[in-house]
Amino acid sequence: HDGSGSAAAIDRIAQANDWLGLTVATRVEPAADAWWAPIETVSNSEDGFERVYQAGALLLSWAVTLERGASWSASVLQKVAVAREQA
């Protein structure tokens, strides 16, 4: 979640946030192209402008060509693991 990047033709990917102690494992069928990046905002505080992490984004993409009347489906399974309790 903390960085950005991309990968082609993946069937699984894992993302983590060490500060929160979270890991998200994603499995896809069929394989997909993936892009990921943090979602951040800019805040003006007493110390000046600072970037604030809001969330992480994952975009999965498939190139699909369908004939008339055909169908297509994909499966995305996500599992979240918590490394430690947040008090």
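The notes below deal with the structure included here.

Reading the values: rules and limits
Residues numbered from 1 in each chain as written. Predicted model: local features only at pLDDT ≥ 70, side-chain atom pairs only at ≥ 80, totals over all residues. Heavy atoms only, no water. Helix = DSSP H or I, 4+ residues; strand = E, 2+ residues; numbered from the N terminus. Rg over C-alpha atoms; globule rule 2.2 N^0.38 Å. Pairing = 2+ DSSP bridges. Core = buried A, V, L, I, M, F, W, Y, C linked by side-chain atoms within 4.5 Å. Buried < 20%, exposed > 50% of the residue type's maximum accessible area, 1.4 Å probe, protein only. Contact = heavy atoms within 4.5 Å. Polar contact = N/O pair within 3.5 Å; in protein donor to acceptor, adjacent residues only side chain to side chain. Patch = residues over 30% accessible without salt bridge, like charges linked within 9 Å, V, L, I, M, F, W, Y side chains within 5 Å. Areas by Shrake-Rupley, 256 points an atom, 1.4 Å probe, with all protein chains shown as cover. Salt bridge = Lys/Arg side-chain N within 4 Å of Asp/Glu carboxyl O.

A short note on the overall build of the chain
The number of helices and strands found in the chain is zero helices and four strands. Helices (α) and strands (β) of the chain occur, in sequence order from the N terminus, as β-β-β-β. In summary, the chain has a C-alpha radius of gyration of 17 Å against a globular reference of 12 Å for 87 residues, an excess of more than 25%. Its C-alpha atoms give the chain principal-axis dimensions of about 60 × 30 × 20 Å.

A closer look at the pairing of strand β1 (residues 5-17)
Here β1 runs beside strand β2 (residues 22-45); their pairing, made up of 10 bridges, is antiparallel. Bridging from a neighbouring strand, Ala14 pairs with Ala25 of β2. Linking β1 to β2, which pair antiparallel, is a turn of four residues; within it Gly21 sits at a positive phi near 75°.

Let's talk about the nonpolar core
Of all hydrophobic cores here, the largest spans six residues; its members are Ile10, Ile13, Val28, Ala32, Ala34 and Leu60. Mapped onto this core, the elements with two or more residues apiece are β1 and β2. Here the element with the most residues in this core is β2; it accounts for three residues. In this view, Ala32 contacts Ala7, Ala8, Ala9, Ile10, Leu60, Ser61 and Trp62; residues no more than four positions away in its chain are not counted.

Focus: the environment of Tyr53
Within the fold, Tyr53 resides in strand β3 (residues 48-61). For Tyr53, a relative accessible area of 31% puts it in the partly exposed group. Each C-alpha atom, one on Tyr53 and one on Glu40, is 4.5 Å from the other, the two residues being 13 residues apart in sequence. At 3.4 Å, the side chain of Tyr53 and the backbone oxygen of Ala55 are in polar contact. Among the polar contacts made by the side chain of Tyr53, one reaches the main-chain amide nitrogen of Gly56 at a distance of 3.2 Å.

Some thoughts on a nonpolar patch on the surface
Residues Val64, Leu66 and Trp72 make up a contiguous nonpolar surface patch of about 270 Å² in total accessible area. Of note, Val64 is situated in the loop between β3 and β4 (75-82).

A look at the side chain of Thr26
Looking at the secondary structure, you find Thr26 in strand β2. Assessed through its relative accessible area of 1%, Thr26 is described here as buried. Of note is the side chain of Thr26, whose polar atom sits 3.0 Å from the side chain of Gln78. In contact with Thr26, not counting residues within four places along its chain, are Asp11, Arg12, Ile13, Leu58, Leu60, Val76, Leu77 and Gln78.

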